[in-house]
Amino acid sequence: MPSFHCITYGCQMNVNDSAWVARTLVRMGWTECEMEQADFIFINTCSVREKPQHKVLSMLGIIRDVNPNASVAVAGCVAQQMGEKLWEKNAHVRLVLGSDGIAHAPEAFERIAKNPKLRLSYLKFTKEFPDRKPELEFFKNVQSLPIGTLEQNTKGNDTRAFVNIMQGCNNFCAYCIVPYTRGRQKSRSIKSILEECQEWLDRGICDLTLLGQNVNAYGKDNAGDAPHFTELLYEVAKLSGLKRLHIVTPHPRDFCDATINAYKELSVLAPRIHLPLQAGSNAVLEKMGRGYTNKDFMLLVDKLRNARPDLALSTDLIVGFPGETEEDFQETLRMMKEANFISSFSFVYSDRPGTKASKMTDKISQQVGLDRLNRLMALQNELGEAWLKSRVGVKTEVLLEALSARPKYSEITDHNLAIDEVKTLSQQNNSELEHTSWQGHDTWGNTVNLILPNALQYKAGDIVPVKIVTAKKHSLLGELDK
């Protein structure tokens, strides 16, 4: 049977899509291997930012050099955007799959494997969510699932799961290419969502994330039997075995009081929301077409924190949007402080083809944009470090994900279990001392490193009671809370 290799750029939805393709191909009898030996190479792409698109075109050149006999499939946003033009200078590209076309990847791979001269493209948007089976049943007795990467560091594999609930977007924000590369919003049927969630939970996963480009607009397109987003949250929360539930990525405009109240009533909803602000100036927000003012945003933040006082927020921010003044930028800094974001994904604006903003003439120079980004990131570092310091002394639960080289024994003080006792237990189990070090994420999504005696026999996927004892620059150190 043929062999394959996956390369993924972009968002968690792309990562999830590639994992599904890998599982499906393995179920079909294909073998996952390194890029240099693969018969087929699957590249899942992103064009939300300019740099990932360049990476894809560069990767095609690298593949041509290191594995000239491989057949290549280009999928995702860049494939949707460039289409069959990818064939013009890339003879090794045999398959082009748009965002909705990824569902056809396995059957297309089989057809091309049988016909060396065949080229295929799937670029049309579908009217309904391009659903597919999660392909978990085949791996029922397999401890570790194929995840579309052969990297040694597979943290998160079989400890957390991501479930697509919708795809596409109807907002057409001025800077965003998603509606053009992902299509209009399509919601998945609730039956299919709940079945996949339960399959993950039956496999032992206890931490689920519901995915969508505009996740809290789920159901508004009235596709299939999709209910309101809040109804979906309550249905998923009922599933046996669920300990944590996350949503990525919501739009501030689509939060309603019912969804906000869910954060008060549903204990499984993690107290961490990624809430994209994009800009702090009302003038810029209006040009972006975001549909809210900075006052509207803060009213939402206040409502969410009233419902869940321990809530932590992260965000997306764009600086240097066409026409942005220094005063506009200062409004963004002010909003960052007021909302107290613990982290952010921040970028200098860049034109994306076909968007409204790309046609705006009042562009900001790259030098000014980079200066503003540096100042924004300096503030974000301060806010992030302050947040981590505030966690010291807090008792929480950590989902163990992988063995870690950290922390060092000397970095943790005031142990409930003395250092000498930890060393003794480790020696009794004939294990190296570093094998008692674990990394995971707490209830708020912070990275936590901690030491666990091997005698307790914890494993990846377990949730452990932890007390935070030290704040590092980007992570936390904890100890077992007895």
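Residues numbered from 1 in each chain as written. Predicted model: local features only at pLDDT ≥ 70, side-chain atom pairs only at ≥ 80, totals over all residues. Heavy atoms only, no water.

Caption draft 1: Broad picture of the packing of helix α8 (residues 257–265) against helix α10 (residues 294–307). In the contact formed by α8 and α10, the axes pass within 7 Å of each other and the chain directions differ by 35°. Residues Asp-257, Ile-260, Tyr-263 and Lys-264 of α8 form the contact with α10, whose participating residues are Leu-300, Lys-303, Leu-304 and Ala-307. (Axes fitted to C-alpha atoms, helices over the stretch in contact; angles between N-to-C directions. Helix = DSSP H or I, 4+ residues; strand = E, 2+ residues; numbered from the N terminus. Contact = heavy atoms within 4.5 Å.)

Caption draft 2: Just the packing of aromatic side chains, in detail. Tallied over the entire structure, the rule returns 10 aromatic pairs. Taking 6.4 Å as the distance between ring centres and 75° as the angle between the ring planes, the aromatic pair formed by Trp-387 and Trp-444 counts as edge-to-face. Taken as a pair, Trp-387 in helix α12 (residues 366–390) and Trp-444 in the loop between β16 (437–441) and β17 (447–451) lie far apart in primary sequence, 57 residues in all. Here Trp-387 and Trp-444 have matching classes, each one buried. Three or more aromatic residues joined by ring pairs make a cluster, and in this case those are Trp-30, Phe-40, Phe-42 and Phe-109. Between Arg-391 and the ring centre of Trp-444, over which it is positioned, the NZ or CZ distance is 4.9 Å. (Phe/Tyr/Trp six-rings, centres within 6.5 Å; stacked < 30°, edge-to-face > 60°. Buried < 20%, exposed > 50% of the residue type's maximum accessible area, 1.4 Å probe, protein only. Lys NZ or Arg CZ within 6 Å of the ring centre and 35° of its normal.)

Caption draft 3: Structural view of empty space enclosed by the protein. Per the stated rule, a full pass over the model turns up two cavities of 30 Å³ or more. In this model, the largest cavity occupies a volume close to 140 Å³. Considering the residues around the largest cavity, the lining is formed by 14 residues, among which Asn-16, Trp-20, Arg-132, Arg-188 and Glu-196 are closest to the centre. Of all the secondary structure elements, the ones that give two or more residues to the lining of the largest cavity are α1 (12–27), β7 (160–164) and α6 (190–202). Looking at the lining of the largest cavity residue by residue, the class counts come to six nonpolar, two polar and six charged. (1 Å grid on protein atoms, 1.4 Å probe; cavity = no way out; pocket = protein on both sides within 12 Å on 5 of 7 lines; lining within 4 Å. Points joined across faces, edges and corners; volume = space filled by probe spheres on them. Nonpolar A, V, L, I, M, F, W, Y, C, P; charged D, E, K, R; others polar.)

Caption draft 4: Geometry of α8. Within α8 the residues assigned to the buried category are Thr-259, Ile-260, Ala-262 and Tyr-263. Down the axis of α8, the buried set is contained in an arc of 145°. They therefore lie on one face. Exposed positions of α8 whose direction lies more than 90 degrees from the buried face are Asp-257 and Lys-264. Residues of α8 that are buried make contact with α7 (229–237), β11 (244–248), β12 (272–274) and α10. (Arc of directions from axis to C-beta.)

Caption draft 5: Seen up close, the sheet that holds strand β14 (residues 343–348). Taken in spatial order, the three strands line up as β12-β13-β14 in an open sheet, and their pairing is parallel. The sheet is open, and its two borders are formed by β12 and β14, each paired with just one other strand. If you compare each strand with its neighbour and ignore which way they point, the axes differ by 10° on average. Here strand β13 (residues 312–319) pairs with β14 via six bridges, running parallel. In the sheet register, Ser-314 faces β14, and the bridge partner there is Ser-343. Lying over the sheet, α12 contacts β13 and β14, oriented at roughly 175° with respect to β14. (Pairing = 2+ DSSP bridges.)

Caption draft 6: Here's a closer look at the nonpolar core. Judged by nonpolar contacts, the single largest core of 73 residues is most densely connected at Leu-210 and Phe-297. What Leu-210 contacts, discounting residues up to four positions off in sequence, is Val-163, Ile-165, Cys-197, Val-215, Leu-232, Leu-233, Val-236, Leu-245, His-246, Ile-247 and Val-248. Ranked by size, the runner-up nonpolar core spans 22 residues in total, among them Ala-22, Trp-30, Leu-118 and Leu-120. (Core = buried A, V, L, I, M, F, W, Y, C linked by side-chain atoms within 4.5 Å.)

Caption draft 7: Quick peek at the pairing of strand β1 (residues 3–8). The buried count for β1 comes to five of six residues, which makes it a mostly enclosed element. With five bridges connecting them, β1 and strand β3 (residues 40–45) associate as parallel partners. Each bridged residue has a counterpart across the sheet, and for Ile-7 the counterpart in β3 is Ile-43.

Caption draft 8: Here's a closer look at the sheet that holds strand β2 (residues 31–32). With respect to topology, six strands assemble into an open sheet ordered β2-β1-β3-β4-β5-β6, the strand pairing being parallel. With partners counted over all chains shown, the strands left at the sheet margins are β2 and β6 (120–122), one partner each. Each of β1 and β3 is contacted by α1, which is oriented at about 175° to β1, the strand it contacts most. Here helix α4 (residues 105–114) sits on the sheet in contact with β3, β4 (71–76), β5 (93–97) and β6, set at roughly 170° to β6.

Caption draft 9: Broad picture of unusual backbone geometry. For the bond from Val-248 to Thr-249, the omega torsion is -5°, close enough to zero to count as cis. As for its placement among the helices and strands, Thr-249 is situated in the loop between β11 and α8. At Asn-340, a residue that is not glycine, the phi angle is positive and equals roughly 55°. The residue Asn-340 is located in the loop between α11 (326–339) and β14 in this model. Although it is not a glycine, Gln-457 sits at a positive phi angle of roughly 55°. Residue position: Gln-457 is located in the loop between β17 and β18 (463–471).

Caption draft 10: Examining the pairing of β18 more closely. With five bridges joining them, strand β15 (residues 395–403) and β18 adopt antiparallel strand pairing. The residue of β18 that forms the bridge with Lys-395 is Lys-467. Pairing geometry for β18 and strand β19 (residues 476–480), over five bridges, is antiparallel. The residue bridging Ala-471 from the neighbouring strand is Leu-476, located in β19. Connecting the antiparallel pair β18 and β19 is a turn made up of four residues.

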